[in-house]
Amino acid sequence: MCGVAGWVDYSRNVAQHRDIAQAMTDTMARRGPDAEGLWTAEHAALGHRRLSVIDLEGGCQPMVAGDPSAPRAVLTYSGETYNFQELRAQLRSLGHEFRTRSDTEVVLRAYLEWGPDFVTRLEGIYAFAVWDVQRQELLLVRDRMGVKPLYYAPTPDGVLFGSEPKAILAHPDFQAVLDADGLRDILSVAKVPGHAVFRGMREVPPGCTVRVTRSGAVEQRYWQLRVAEHTDTLDRTVATVREMLETIVAQQMVADVPLCTLLSGGLDSSSLTALAARISRDKGMGRIRSCSVGDHDAVREDGTPVNEDHLYARLLAEHVGSDHSELPLKAPDLLDPALRASVLDAYDLPIAKGDEHASLHLLFGLVREHSTVALSGECGDEVFGGYNWQRKPEWVLSSTFPWVQEGRAAYQGNDVIFAPDLLAKLDLAAYERDCHSTAVAEIDAADHISDPTEARFREVTYLALTRHAQVLFDRKDRMSMACGLEVRVPFADHRLVEYTFNVPWAMKSFDGREKSLLRAAMKDLLPEAVAQRIKTPYPSIGDDSYNRVLRERLADVVRTPESPLAPLFSADLKRAVAERGAAALEQGMSRAALETALQLHEWLYSHDVRIAL
């Protein structure tokens, strides 16, 4: 999937500061372990680290169009354009000649042919930058759903950009600062598109481009989900979902390197694995590989496994004949300081679910031993309505993000950890309300749907796809790319998202269950036990010993006057910890709050972040 980095400055000769551009590019090494490249000119530097997936010999970057001594445009590209073969044929008919088999060259040639509007022709997951040498303009592009990341920081005379914040942080002119808005984002449980936590830095929003000229940087949206009427019958809808998934999965299996599926044993990943296995068999590609994760030894008081995912994963693997691998995890593995530091380094930001991120990091490291590309069931719940907060009225009809309403208790503890005056300044409740109102206003569902309940279900689907899914995409991208593994997400294909978005809720839940359309579309390929399985959440450590270690570590931080968090801690918390130690953190303290505070402490140190509240 690769890593990109770059720097545009209209006021100085960037080529004379190649060492800075190289340092920015070097931060992307884990995203692209196979090759590197750096192109410089007077006002632009584009860097690239490559994970070779398609055309291993010919897809080197940055890629230059035209005579190298007088180039027309230069591209540094991360991602996969799944319809590149169709676009290549179209461009050839228009007179373009190709030197490689890569999708990268197709993207570059498409820009030359159609200009900035070429992005509407791309199907895939991508984040890239094109420097137009003749126009002296930079175009930053991010895929419609925001599966692949792209950050940028406007400067007085240009821009810095990269696949991850660390590329921008490597530039000496950018200072890592956490202000009140950034802290609100960290402590909130709803990601705001475009926000990047660091002051002065932004993410290119999903479905947007950023055009950088001497006049500055301008964001422009090229894709947006819109409310529309769904006219297909239920049978036609189920058939269409199946047809679309068959096409999408086949497209996403194209690779010149080993490929596998991430198999949890749930409906989403099982559906993808079953389809991939059938496609692989039909095309004579051999047996598909599949991988799962789970704590095989943890049991409840009655002796049943806490995490039964691996049992269903085995059942599906046997049913479709995949070569299956498992990674058992224990709480001590996920508390390893070196692993946690690696996760933070990969993510560049504090996170609230340390065990989930750490387990994915370990899983992807195992997967990378035999595969370079993996298919994941991420976004299946958001698309087909798999979460309880997408279905149950008490959460759907709330006036906020429904997953927040459902799981608020799982995040309690901020009022214990942080000083009252700080919390009053942040006013997280108002921030949450404002973010929710802004989000639902983007589609004006009530103006298009007369039934207020149906309109709210459409809003919740929109929130799931544009806010909730973004957190999951970030997690999957950072943990996989830290291991040099490319993860593809078929359920996030924009064609499937567009089609299912406007399916009425009664049709999406026609059998009274979650993910009714997907279950109906895939039932002939799945064992009955898997097809009828009730959704279970991503496996997390249930052993309280994990929380106990977190409390002990946070107590040590609270007792450390030199901690950068010391000025933010509640005076009551400091007194309680001084008197009772880690026991002071047992009541009213969620795992998420413990994880976030510990991550904040480590992040402020490791990333040399200055607090400016």
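Structure shown above.
All values derive from a computational prediction rather than experimental measurement.

What about the overall build of the chain?
Check the secondary structure of the chain and you find 26 helices and 19 strands. A globule of 613 residues ought to have a C-alpha radius of gyration of about 25 Å, and the chain, at 24 Å, matches this closely. With the C-alpha coordinates aligned to their principal axes, the bounding extent of the chain is approximately 75 × 60 × 50 Å. Sequence-distant contacts in the chain: of pairs separated by 6 or more residues, those separated by 24 or more amount to 73%. Here the chain displays about 23600 Å² of accessible surface, and carbon together with sulfur accounts for 49% of that area.

Let's talk about the packing of aromatic side chains
Here the distance between the centres and the angle between the planes together describe a pair of aromatic rings. Summed over the entire model, instances satisfying the criterion amount to twelve aromatic pairs. Residues Phe118 and Phe128 carry aromatic rings whose centres are separated by 6.0 Å and whose planes lie at 50° to one another, so their mutual orientation is tilted. Here Phe128 lies in strand 6 (residues 124–132) and Phe118 lies in the loop between helix 3 (103–114) and strand 6, a separation of ten residues in the sequence. Exposure class is identical for Phe118 and Phe128. Each is buried.

Looking at the packing of helix 5 (residues 180–187) against helix 26 (residues 591–606)
For the pair helix 5 and helix 26, interaxial distance at closest approach is 11 Å and the crossing angle is 140°. What the angle tells us is that helix 5 and helix 26 run oblique. For the crossing formed where helix 5 meets helix 26, the hand is right-handed. Between helix 5 and helix 26, the contacting residues are Leu183, Ile186 and Leu187 on the first element and Thr596, Leu600 and Trp603 on the second.

With respect to helix 11 (residues 354–367)
Under the 1.5 Å per step criterion, the end-to-end length of helix 11 is 20 Å for 14 residues, consistent within 8% with the ideal 20 Å. With eleven of 14 residues buried, helix 11 is to be regarded as a mostly interior element. Buried residues of helix 11: Gly354, Asp355, Glu356, His357, Ala358, Ser359, Leu360, His361, Leu363, Phe364 and Val367, and no others.

Examining the sheet that holds strand 7 (residues 137–142)
What the six strands build is an open sheet, ordered 4-5-6-7-12-13; its pairing is antiparallel. The open sheet terminates on both sides in strands that have one partner only, identified here as strand 4 (63–67) and strand 13 (216–221). Neighbour to neighbour, the strand axes of the sheet diverge by 15° on average, direction disregarded. Along the sheet, helix 3 contacts strand 4, strand 5 (70–81), strand 6 and strand 7; its crossing angle with strand 5, the most-contacted strand, is approximately 130°.

Some details on the sheet that holds strand 2 (residues 35–40)
If you walk across this open sheet you meet the six strands as 2-3-1-9-8-11, and the pairing is antiparallel. Of all strands in the sheet, those bounded by a partner on one side alone are strand 2 and strand 11 (202–203). Here strand 8 (residues 151–155) pairs with strand 9 (residues 158–162) via five bridges, running antiparallel. Directly across from Tyr152, in strand 9, lies its bridge partner Phe161.

Quick look at the pairing of strand 6
Where a strand is regular, its side chains alternate between the two sheet faces. Counting buried residues in strand 6 gives nine out of nine residues, a clear majority hidden from the surface. The alternating pattern of strand 6 places Gly124, Tyr126, Phe128, Val130 and Asp132 on one face and Ile125, Ala127, Ala129 and Trp131 on the opposite face, and all of these are buried. In terms of strand pairing, strand 5 meets strand 6 through nine bridges, oriented antiparallel. Directly across from Leu75, in strand 6, lies its bridge partner Val130. The turn linking strand 6 back onto strand 7 is made up of four residues, and Gln136 within it adopts a positive phi angle of 55°.

What about the packing of helix 6 (residues 234–252) against helix 20 (residues 494–501)?
A pair of packed helices is captured by two measures, namely the crossing angle of their axes and the spacing between those axes. Across the interface, helix 6 lies against helix 20 with an axial gap of 10 Å and an inter-helix angle of 165°. Put simply, helix 6 runs roughly antiparallel to helix 20. The handedness of the crossing between helix 6 and helix 20 comes out as left-handed. Residues Arg236, Thr237, Thr240, Val241, Met244, Leu245, Ile248 and Gln251 of helix 6 pack against Arg495, Leu496, Tyr499 and Thr500 of helix 20. By residue class, the composition of the contact of helix 6 with helix 20 is six nonpolar, four polar and two charged.

Let's talk about unusual backbone geometry
Omega for the peptide link from Gln61 to Pro62 comes to -5°, which places this bond in the cis form. Of note, Pro62 is situated in the loop between strand 3 (44–50) and strand 4. Phi at Gln136 is positive, roughly 55°, even though this residue is not glycine. Positive phi, normally seen in glycine, also occurs at Asp608, with a value near 50°. Along the polypeptide, Asp608 turns up in the loop between helix 26 and strand 19 (610–612).

Here we look at the state of the cysteines
Linking two cysteines covalently through their sulfur atoms gives a disulfide. A complete count under the given rule lists zero disulfides for this structure. Cysteine Cys260 is unpaired, with the sulfur of Cys291 as its nearest cysteine sulfur at 4.2 Å. Looking at Cys291, the relative accessible area reads 2%, which means it is buried.

Observations concerning the nonpolar core
Across soluble globular proteins, nonpolar side chains have a tendency to be buried as a group. Phe118, Phe128 and Cys379 are the most contacted members of the largest nonpolar core, which has 89 residues in total. With residues near it in sequence (within four places) discarded, Phe128 still touches Leu75, Thr76, Tyr77, Ser78, Val107, Phe118, Leu122, Leu139, Leu140, Val141 and Leu150. Leu334, Leu360, Leu423 and Leu604 belong to the second largest nonpolar core, which has 79 residues in total.

Quick look at the pairing of strand 5
With respect to burial, strand 5 is a largely interior element, ten of its twelve residues being buried. Two elements, strand 4 and strand 5, share five bridges in a ladder whose sense is antiparallel. By the bridge assignment for strand 5, Asp67 is matched with Ala70. Counted along the chain from strand 4 to the antiparallel partner strand 5, the turn is two residues long.

Things to note about the environment of His370
By the secondary structure assignment, His370 is in the loop between helix 11 and strand 17 (373–375). Taking the C-alpha atoms as reference, His370 lies 49 Å from Ala419; in sequence the two are 49 residues apart. If near-sequence neighbours (up to four positions away) are discounted, His370 is found in contact with Pro258, Cys260, Arg289, Cys291 and Ser325.

Section: helix 24 (residues 544–558)
Along an α-helix, residues three or four apart share an orientation, since each turn contains 3.6 residues. Between the first and last C-alpha of helix 24 there are 21 Å, a value that for 15 residues agrees with the 21 Å anticipated at 1.5 Å per step. Buried within helix 24 we find Ser545, Tyr546, Asn547, Leu550, Arg551, Leu554, Ala555, Val557 and Val558.

A closer look at the side chain of Arg456
Here Arg456 shows up in helix 19 (residues 452–481). Side-chain polar atoms of Arg456 contact the side chain of His436, separated by 3.1 Å. Apart from the residues lying within four places of it in its own chain, the contact partners of Arg456 are Val396, Leu397, Ser398, Thr400, Pro402, His436, Val440 and Leu463.

Thresholds applied
- Residues numbered from 1 in each chain as written.
- Predicted model: local features only at pLDDT ≥ 70, side-chain atom pairs only at ≥ 80, totals over all residues.
- Heavy atoms only, no water.
- Helix = DSSP H or I, 4+ residues; strand = E, 2+ residues; numbered from the N terminus.
- Rg over C-alpha atoms; globule rule 2.2 N^0.38 Å.
- Contact = heavy atoms within 4.5 Å.
- Areas by Shrake-Rupley, 256 points an atom, 1.4 Å probe, with all protein chains shown as cover.
- Phe/Tyr/Trp six-rings, centres within 6.5 Å; stacked < 30°, edge-to-face > 60°.
- Buried < 20%, exposed > 50% of the residue type's maximum accessible area, 1.4 Å probe, protein only.
- Axes fitted to C-alpha atoms, helices over the stretch in contact; angles between N-to-C directions.
- Parallel < 35°, antiparallel > 145°, perpendicular 65-115°, else oblique.
- Left-handed = near helix turned anticlockwise from the far one by under 90°.
- Expected span 1.5 Å × (residues − 1).
- Pairing = 2+ DSSP bridges.
- Nonpolar A, V, L, I, M, F, W, Y, C, P; charged D, E, K, R; others polar.
- Disulfide = S-S within 2.5 Å.
- Core = buried A, V, L, I, M, F, W, Y, C linked by side-chain atoms within 4.5 Å.
- Polar contact = N/O pair within 3.5 Å; in protein donor to acceptor, adjacent residues only side chain to side chain.

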